[in-house]
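Architecture at a glance
Chain by chain, the residues run as shown.
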Amino acid sequence: MATPLIEVEHVAKVYRMGDVDVHALRDVSLAIADGESVAVMGPSGSGKSTLMNILGCLDRPTAGAYRLAGEEVSSMDRNALAGVRNRTLGFVFQSFNLLARTSALENVELPLLYAGVSGRERHRRARAALEQVGLGDRIHHHPNQMSGGQQQRVAVARALVTRPRLMVADEPTGNLDSRTSIEIMALFQELGRSGITLLLVTHEPDIARYASRVVVMRDGLVQTDRQQEPLVADVAAAVAGRP
Ligand code: ADP
Ligand code: MG
């Protein structure tokens with residue numbers, strides 16, 4: 001087997017709260033290959049966000065090893081982690097996190113601005129990313145002129161524009177109706193076909209069906225981890241089945 005994109009070995013995370021240790025992750029080991037789409041499920045407080053923060057290089061484990069694309073990231077300092085994030089990762093959140101008074105195009109250009117990409121190139125790549133998510137005709141719209149689904153597409157374009165290998169999405173359909181959720185899953189599946197790996201937290205079994213693997217967390221441990229034949233997100237059927 002080729003080296004997995006993600007290799008987590010005996011990762012633990014302890015938060016110190018005054019005199020109390022909170023064991024958010026107890027002992028998690030996972031290997032995730034390039035191109036997999038993994039839905040992380042489990043009850044509130046089971047450690048999903050803690051795991052995503054570590055896998056997304058936003059936080060470091062208290063113990064254990066984490067190799068991302070062959071690089072040991074568990075012991076990196078903040079600057080080095082920021083570098084890995086910029087090179088390798090894209091993030092999508094439940095609440096879109098777009099700048100309100102800024103066009104879709106400028107929102108998507110932002111990560112490239114931070115990366116020091118020139119103005120012309122920023123514009124070209126941001127436009128291409130918006131076209132890729134089906135918003136080529138909305139690039140000058142502001143978030144408040146768009147539906148929730150369109151705003152989440154802008155957020156996906158913003159995550160895509162730096163050409164990440166790994167997309168980390170924490171409840172990306174949590175604020176969307178079911179039809180729009182399926183549209184976003186269709187978009188993720190399209191990105192998957194281009195080779196992007198997806199990690200997604202969801203509470204909805206209906207959404208997890210579109211992933212190729214489901215990891216269920218419980219009390220800081222992986223309770224179950226299974227591969228599945230993903231449902232293909234069919235936008236036309238979702239529209240037809242609408243009440
Ligand atoms: P989930 O996302 O599955 O709801 P979390 O990863 O957010 O779970 O939390 C796992 C456990 O760790 C919970 O008991 C939570 O209260 C605790 N926890 C999460 N983040 C922190 C933090 N920054 N400080 C202290 N405790 C935390
Ligand atoms: Mg959470």
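So, a few notes on the structure that sits alongside this text.

Re the site of ligand 1
Taken together, Tyr15, Met17, Val22, Ala24, Pro43, Ser44, Gly45, Ser46, Gly47, Lys48, Ser49 and Thr50 make up the full set of residues near ligand 1. Taking glycine 45, its main chain carries an N or O atom lying 2.6 Å from an oxygen atom of ligand 1. With respect to ligand 1, the side chain of threonine 50 contributes an N or O atom lying 2.6 Å from an oxygen atom. Burial of ligand 1 by the protein amounts to 62% of the accessible area it has alone, namely 550 Å².

Topic: the environment of valine 156
Along the chain, the position of valine 156 falls in helix H5 (residues 148-160). In this structure the C-alpha to C-alpha distance between valine 156 and leucine 130, which are 26 residues apart in sequence, comes to 8.8 Å. With sequence-adjacent residues up to four places away left out, valine 156 is seen in contact with Val92, Val133, Met167, Leu187, Phe188 and Leu191.

Topic: the packing of aromatic side chains
In total, this model carries one aromatic pair according to the counting rule given. On the numbers, 6.2 Å between centres and 5° between planes, the contact of phenylalanine 91 with phenylalanine 93 is stacked. For phenylalanine 93, a relative accessible area of 31% gives the class partly exposed.

Regarding the side chain of glutamate 7
With respect to the helices, strands and loops of the structure, glutamate 7 is situated in strand S1 (residues 6-17). Judged by its relative accessible area of 16%, glutamate 7 is buried. What glutamate 7 contacts, discounting residues up to four positions off in sequence, is Leu30, Ala65, Tyr66 and Arg67.

Considerations on the nonpolar core
One finds Val108, Leu130, Val133, Val154, Val156, Met167 and Phe188 to be the most contacted residues of the largest nonpolar core, which totals 43 residues. The residues touching phenylalanine 188, leaving out its near neighbours within four places in the chain, are Val156, Met167, Ala169, Pro172 and Leu198.

Some details on the sheet that holds strand S3 (residues 37-41)
As summarised here, the arrangement of the six strands in space is S6-S7-S8-S3-S9-S10, forming an open sheet in which the pairing is mixed. The open sheet has two edge strands with one neighbour each: strand S6 (89-93) and strand S10 (221-227). When strand polarity is set aside, the average angle formed by the axes of neighbouring strands in this sheet is 15°. Sitting on the sheet, helix H1 (residues 48-55) touches S3, S6, strand S7 (166-170), strand S8 (197-201) and strand S9 (213-218), and the angle it makes with S8 is about 155°. Helix H2 (residues 78-88) contacts S6 and S7 of the sheet and is inclined by roughly 85° relative to S6.

Topic: the pattern of salt bridges
Counted by the stated rule, this structure contains 13 salt bridges. As a salt-bridge pair, arginine 67 and glutamate 72 come within 3.7 Å of each other at their nearest N and O atoms. Here arginine 67 falls in the partly exposed class, since its relative accessible area comes to 22%. What makes glutamate 72 partly exposed here is its relative accessible area of 29%. Across the pair arginine 138 and aspartate 137 runs a salt bridge, and its minimum N-O distance is 3.1 Å. By relative accessible area, which is 26% here, arginine 138 ends up partly exposed. Take aspartate 137: its relative accessible area is 54%, and that puts it in the exposed class. Salt bridges sharing partners connect three or more residues here, namely Glu7, Glu9, Arg67 and Glu72.

Quick word on the pairing of S10
Pairing of S9 with S10 involves six bridges; the strand directions are antiparallel. When the sheet's bridge partners are listed, arginine 218 is paired in S10 with leucine 221. Here S9 hands over to S10 after two residues, with aspartate 219 in that stretch at a positive phi of 50°.

Conventions adopted
- Residues numbered from 1 in each chain as written.
- Chains lettered and ligands numbered in written order.
- Predicted model: local features only at pLDDT ≥ 70, side-chain atom pairs only at ≥ 80, totals over all residues.
- Heavy atoms only, no water.
- Near = heavy atom within 4 Å.
- Polar contact = N/O pair within 3.5 Å; in protein donor to acceptor, adjacent residues only side chain to side chain.
- Areas by Shrake-Rupley, 256 points an atom, 1.4 Å probe, with all protein chains shown as cover.
- Helix = DSSP H or I, 4+ residues; strand = E, 2+ residues; numbered from the N terminus.
- Contact = heavy atoms within 4.5 Å.
- Phe/Tyr/Trp six-rings, centres within 6.5 Å; stacked < 30°, edge-to-face > 60°.
- Buried < 20%, exposed > 50% of the residue type's maximum accessible area, 1.4 Å probe, protein only.
- Core = buried A, V, L, I, M, F, W, Y, C linked by side-chain atoms within 4.5 Å.
- Pairing = 2+ DSSP bridges.
- Axes fitted to C-alpha atoms, helices over the stretch in contact; angles between N-to-C directions.
- Salt bridge = Lys/Arg side-chain N within 4 Å of Asp/Glu carboxyl O.

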